[in-house]
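Examining the three-dimensional arrangement
This is what each chain is made of:
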Amino acid sequence: MQARSDFLVIGGGIAGASAAWWLSRTASVTVLELESQPGYHSTGRSAALYMASYGPPQVRALTLASRPFFDVPPPGFAEHPLLTPRGALLFAHEGGEAALAAHEALVRSVSAGVRRLTPAEALAQVPVLRPKGLLGAVLEEDATDIDVDALLQGFLRGVRARGGQVVCGAGVQALRRTGGEWCVQTGAGEFRAPVVINAAGAWADAVGALAGAAPVGLVPKRRSALLFSAPEGMATGGWPMFMDAAHEFYVKPDAGLLLGSPFNADPVVPHDVQAEELDIAIAIDAIERMTTLTVRRPRHVWAGLRSFVADGECVIGQDPLVPGFVWAAGQGGYGIQTAPAAGELCAALALGHALPASLAGVDPAAVSPARPGLAEE
Ligand SMILES: Cc1cc2nc3c(=O)[nH]c(=O)nc-3n(C[C@H](O)[C@H](O)[C@H](O)COP(=O)(O)OP(=O)(O)OC[C@H]3O[C@@H](n4cnc5c(N)ncnc54)[C@H](O)[C@@H]3O)c2cc1C
């Protein structure tokens with residue numbers, strides 16, 4: 001195992017893997033992952049959706065900038081397409097007119113593929129919506145499913161193919177900087193590099209503290225999900241992901257089953273999070289109230305952490321005070337759909353390169369760890 005690299009990337013989730021992939025094109029990189037496999041935490045627990053209208057402005061810019069990579073990945077990156085058409089439908093019952101109009105305007109700002117649906121058209125898309133009082137829906141046609149595992153493995157395979165290493169069981173315990181170089185103590189030994197990328201997900205502030213950096217104010221929030229059986233005899237595979245305008249639940253088809261979530265965002269400390277029974281009960285109640293679906297017994301329940309700073313944007317770039325310490329954190333609920341562009345941005349900033357034209361829509365100052373008010377409540 002090589003102990004010295006140009007870059008050490010702490011965290012083998014999608015943020016670390018994507019940054020490492022871009023860095024490894026011109027530099028030697030080692031990814032240090034605490035767990036025995038990459039993607040064990042948030043990355044392996046997502047709903048795997050690409051939705052350009054989702055998130056605050058810089059997230060939307062990173063999502064749009066990622067689309068060409070998803071649509072046409074580099075040769076050999078993945079055996080199958082990374083995206084599968086899905087669509088995302090937001091519906092409203094009586095009283096939800098303003099929410100429908102606002103959502104339609106938002107989707108139009110990022111996509112030409114938007115349709116306002118009458119109640120009958122909405123029911124043609126998702127026949128289980130409760131028809132009584134249904135106002136209609138907005139369909140974001142170019143929302144897609146993402147093959148998250150193929151994306152993660154594609155990044156990591158690329159890193160290894162270029163001579164980089166991915167070391168699991170390498171939880172970072174201490175960081176010390178001497179003579180312009182970091183010495184990083186891990187469960188798998190000591191590693192050295194002039195620059196460290198902090199892609200530790202919900203643990204990024206804890207890793208920052210080890211390096212002497214001020215916290216960016218990251219708040220991990222629990223989001224829970226369940227898988228349940230689709231109604232017998234009903235072909236659900238072609239349904240779009242659908243959600244109510246008040247964001248009480250969303251549902252999307254998932255390999256013959258349905259994936260549901262109560263949209264919860266419960267602040268917690270970083271840990272190996274599990275779904276609370278109440279989260280699942282809340283999701284089932286909302287699903288059964290607003291649709292004709294019946295959730296008898298969830299096949300599987302889980303939760304993951306979505307980590308946010310105060311303004312909801314990502315935190316990408318050089319720490320304002322600690323030299324050679326670069327953040328790739330705060331991916332919130334969008335870390336998969338933004339990964340190709342977020343990784344490219346992180347790598348360009350870490351290498352001191354000019355930003356490529358593909359990132360022209362992104363404002364690095366608005367995602368910088370040096371931006372004012374970052375950690376404010
Ligand atoms: C239920 C749910 C649904 C979601 N749906 C979507 C979606 O549809 N689309 C989308 O784009 N996003 C979605 N997300 C968000 C997405 O999953 C996250 O934004 C993304 O996975 C964050 O990636 P990450 O690499 O920052 O974090 P992680 O995947 O958590 O990776 C961080 C890694 O750092 C490691 N680590 C921590 N401390 C150390 C240490 N000291 N030393 C070494 N390694 C360390 C951890 O073990 C972990 O593997 C969803 C999230 C959840 C929970």
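Residues numbered from 1 in each chain as written. Predicted model: local features only at pLDDT ≥ 70, side-chain atom pairs only at ≥ 80, totals over all residues. Heavy atoms only, no water.

Details of the domain arrangement of the chain
- In terms of domain boundaries, the chain breaks down into domain 1 (7-73 + 147-217 + 311-367) and domain 2 (88-141 + 219-308).
- Taking only C-alpha atoms, the centre of domain 1 and the centre of domain 2 are 29 Å apart.
- The contact between domain 1 and domain 2 buries some 1900 Å² in all, and 57% of this surface belongs to carbon and sulfur atoms.
- At the junction of domain 1 and domain 2, the tally comes to one salt bridge.
- A salt bridge links Asp272 to Arg45, with the shortest nitrogen-to-oxygen separation between them at 2.7 Å.
- The interface formed by domain 1 and domain 2 contains 12 residue pairs in polar contact (both at pLDDT 80 or more).
- For the side of domain 1 that touches domain 2, a count of residues per class yields 11 nonpolar, 10 polar and two charged. (Domains from an automatic or database assignment. Buried area = accessible area lost by both parts, 1.4 Å probe. Salt bridge = Lys/Arg side-chain N within 4 Å of Asp/Glu carboxyl O. Polar contact = N/O pair within 3.5 Å; in protein donor to acceptor, adjacent residues only side chain to side chain. Nonpolar A, V, L, I, M, F, W, Y, C, P; charged D, E, K, R; others polar.)

Considerations on the site of the ligand
- Around the ligand lies a shell of 37 residues, among which Glu33, Thr43, Val172, Gly332 and Gln337 are the nearest.
- Ala47 places a polar main-chain atom, nitrogen or oxygen, 2.9 Å from a nitrogen atom of the ligand.
- Across the complex, the protein chains shield 96% of the 1000 Å² of accessible surface that the ligand would expose by itself.
- For the shell around the ligand, the secondary structure elements donating two or more residues are helix 1 (14-23) and strand 19 (300-308).
- Element by element, the count of residues in the shell around the ligand is highest for strand 19, at three residues.
- Split into classes, the residues belonging to the shell around the ligand amount to 17 nonpolar, 15 polar and five charged.
- Three or more residues apiece are contributed to the shell around the ligand by two domains, here domain 1 (7-73 + 147-217 + 311-367) and domain 2 (88-141 + 219-308). (Near = heavy atom within 4 Å. Areas by Shrake-Rupley, 256 points an atom, 1.4 Å probe, with all protein chains shown as cover. Helix = DSSP H or I, 4+ residues; strand = E, 2+ residues; numbered from the N terminus.)

Observations regarding the sheet that holds strand 12 (residues 189-193)
- An order of 10-11-12 is seen for the three strands of this open sheet, with the pairing classed as antiparallel. The sheet terminates laterally at strand 10 (172-178) and strand 12, the two strands that pair on one side only. Direction aside, the axes of adjacent strands within the sheet are offset by 20 degrees on average.
- Pairing of strand 11 (residues 181-186) with strand 12 involves five bridges; the strand directions are antiparallel. Residue Val184 lies in a different strand from strand 12, and its bridge partner there is Phe191. (Pairing = 2+ DSSP bridges. Axes fitted to C-alpha atoms, helices over the stretch in contact; angles between N-to-C directions.)

As for the environment of Ala206
- Positionally, Ala206 belongs in helix 6 (residues 204-210).
- Overall, the relative accessible area of 44% leaves Ala206 in the partly exposed class.
- Residues Ala206 and Gly13, 193 residues apart in the sequence, show an inter-C-alpha distance of 16 Å. (Buried < 20%, exposed > 50% of the residue type's maximum accessible area, 1.4 Å probe, protein only.)

Details of helix 1
- Taking burial as the measure, the 10 residues of helix 1 include 10 buried ones, the bulk of the element.
- Taken together, the buried positions of helix 1 are Ile14, Ala15, Gly16, Ala17, Ser18, Ala19, Ala20, Trp21, Trp22 and Leu23.

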